[in-house]
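Chain and residue survey
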Amino acid sequence: MKPEISVVIPIYNEQAGLQALFDRLYPALDAIGSSYEIVFVNDGSRDNSVSILAEQFRARPDVTRVVLFNGNYGQHMAILAGFEASRGEIMVTLDADLQNPPEEIHHLVAKMREGYDYVGSIRRKRQDSAWRTYASKAMNHLREKITNIKITDQGNMLRAYGRNVIDLVNQCGEVNTFVPALAYRFARKPTEIMVEHEERSAGESKYSLYSLIRLNFDLVTGFSLVPLQLFSMMGMLLAIISGVLVCVLLVRRLFLGAEAEALFTLFAIAFFLMGVILFGIGILGEYIGRIFQQVRARPRYVVQTILQQPTPGHEPLAADALEKRTVGR
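Throughout what follows, the structure given in this document is the object of discussion. Note that residues are indexed from 1 along each chain, following the sequence as it is written. The model is predicted, so local features are restricted to residues of pLDDT at least 70 and side-chain atom pairs to those at 80 or more, both for listing and for counting; the totals for chains, interfaces and linings are taken over all residues. Excluded from the side-chain calculation are hydrogens and water; included are all heavy atoms of the structure.

So, the overall build of the protein
A count of helical and extended segments in the protein gives eleven helices and eight strands. Partly exposed residues are those whose accessible area sits between 20% and 50% of the maximum for their type, while under 20% is buried and over 50% is exposed, using a 1.4 Å probe and protein chains only. Every one of the 329 residues in the protein was classed for burial, and the buried ones make up 44%. We call two residues in contact when some of their heavy atoms are within 4.5 Å. Pairs at least 24 residues apart make up 82% of the contacts formed inside the protein by residues separated by at least 6 positions. Exposure was quantified through the Shrake-Rupley algorithm and a 1.4 Å probe, taking into account, for residues, occlusion by the shown protein chains and nothing else. Per element, the accessible surface of the protein, about 17300 Å² overall, is 61% carbon and sulfur. Working definition: helices are DSSP H or I runs of at least four residues, strands are E runs of at least two. Numbering for both runs from the N terminus.

As structure tokens, then:
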């Protein structure tokens, strides 16, 4: 039987907090009173996360599935793999660090049952550092202006999606994408709700400042041509200003003579224009780089195996054999 709810959780070096996650997640889903499955996607963890997940599969094989990558492909690729492996009518994504309490899942499910096909969440009181909170809010505002995607809290992965949205997402073959924004594009009736937010139960964030910048580049360049259009308009404006400046300097030279003091002003203008040009070339390179990655048509990720209960004609890899093949690689 297909479950009503599928919970997809990407895992990357989360051994310290997995048991706490299990202790809260399963009771929270049992309390909803609907059929469910939990799909853990191991994104190339280098610690003992795989063995812990295998042990949990042995403990609750009826509702637990484990997808194992052969390497590290990133959080959003792990979520997409979870979508393809899941069977529920309502799909919920959740981080493993317990910053989003599993007890909040029933609020998203209740909202989905009201007829929405995409339910985002907004953290009521963020438990992150001040710089990260303000930077996230600034990027949220900028992203909404550029892409016209209305996601209030883009960094919060506790979200619910309808099967109609997931089926469309699974048809996409994008190499670089941002899952909540991609799903928002396909949703007919999206909404958002407030949820609680807690401090990490263990470990540290897997997103460095560089990773966050890269993620926002994926979000902006993957869903909008506005940056290219802005630089096209800026180029036209600078060309007009440069033409006017040349005319002014020519008239000044004819009537007032050359002035050496103006040389440094010209240097400043030239350096500014070179900086703008290099920045524009960088943005153009981001788009070209994504085109290059897309046309190579390489697999977005490689699934090593899936731990799940056997279906007729298919036998899953035993958890014990799995641990021998993956732990200590």
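As for a nonpolar patch on the surface
Grouping into patches uses exposed residues only, defined as over 30% relative accessible area, and leaves out salt-bridged ones; the cut-off is 9 Å for like charges and 5 Å for nonpolar side chains (Val, Leu, Ile, Met, Phe, Trp, Tyr). Should a side-chain nitrogen of Lys or Arg be within 4 Å of a carboxyl oxygen of Asp or Glu, the pair is scored as a salt bridge. Together, Leu250, Val251, Leu254 and Phe255 make up an exposed nonpolar region whose accessible area comes to about 470 Å². Topologically, Phe255 is positioned in helix 9 (residues 226-256). Given the relative accessible area of 70%, Phe255 is considered exposed.

Side note on the packing of aromatic side chains
Between rings of Phe, Tyr and Trp, where Trp is taken as its six-membered ring, a pair exists when centres lie within 6.5 Å; planes separated by under 30 degrees are stacked, by over 60 edge-to-face, and by other angles tilted. In this structure the tally under the stated criterion is seven aromatic pairs. A centroid spacing of 6.3 Å and a plane angle of 70 degrees characterise the contact between Phe22 and Tyr26, whose relative ring orientation is edge-to-face. With Phe22 and Tyr26 both in helix 1 (residues 18-32) and four residues apart, the pair spans about one turn of that helix. Under the relative-accessibility criterion, Tyr26 is labelled buried at 4%. Each member of the aromatic cluster is reached from another via a ring pair, and the members are Phe83, Tyr118, Tyr161 and Tyr184. Placement of a positive charge over a ring is assigned whenever Lys NZ or Arg CZ falls within 6 Å of the ring centre and within 35 degrees of the normal to the ring plane. A cation over a ring is seen here: Lys189 above Tyr116, with NZ or CZ 4.7 Å from the ring centre.

Thoughts on the environment of Glu103
Assignment of secondary structure puts Glu103 in the loop between strand 4 (90-93) and helix 4 (105-112). Residue Glu103 is classed as partly exposed on the basis of its relative accessible area of 35%. Note: C-alpha distance between Glu103 and Tyr26 (77 residues apart in sequence) is 9.8 Å. Leave out the neighbours within four places in its chain, and Glu103 touches Arg24 and Ala28. Polar contacts, as used here, are pairs of N or O atoms within 3.5 Å; protein pairs need one atom able to donate a hydrogen and one able to accept it. Residues neighboring in sequence count only if both atoms are side-chain atoms. Among the polar contacts made by the side chain of Glu103, one reaches the side chain of Arg24 at a distance of 2.8 Å.

Digging into the sheet that holds strand 7 (residues 190-195)
Reading across from one edge, 7-5-6-4-1-2-3-8 is the order of the eight strands in this open sheet, with mixed pairing throughout. Each of the sheet's edge strands pairs with one partner strand only, and the pair in question is strand 7 and strand 8 (303-307). Here the average twist between neighbouring strands, direction ignored, is 20 degrees. The pairing criterion is simple: DSSP has to find at least two bridges between the two strands. For strand 5 (residues 118-123) and strand 6 (residues 159-162), the ladder comprises two bridges, and the chain directions are antiparallel. Its bridge partner lying in strand 6, Val119 is registered against Ala160. Across the sheet, helix 2 (residues 49-59) is in contact with strand 1 (5-11), strand 2 (36-42), strand 3 (64-69) and strand 8; its angle to strand 3 comes to roughly 155 degrees. What counts as an axis is a line fitted to C-alpha atoms, over the stretch in contact for a helix, and the angles between N-to-C directions run from 0 to 180 degrees.

Section: the pairing of strand 3
Counted residue by residue, strand 3 has six buried out of six residues, so it is predominantly covered. Taking every second residue as pointing to the same face, both faces of strand 3 are buried, with Thr64, Val66 and Leu68 on one and Arg65, Val67 and Phe69 on the other. Sheet topology note: the strand 2/strand 3 ladder contains five bridges and is parallel. By the bridge assignment for strand 3, Asn42 is matched with Leu68. With respect to chirality, the unit in which strand 2 leads through helix 2 into the neighbouring parallel strand 3 is right-handed. Examined bridge by bridge, strand 3 and strand 8 share four bridges and lie antiparallel to one another. In the sheet register, Leu68 faces strand 8, and the bridge partner there is Thr305. With strands facing away from the observer, any crossover in which the path from the first strand over the helix to the second runs clockwise is taken as right-handed.

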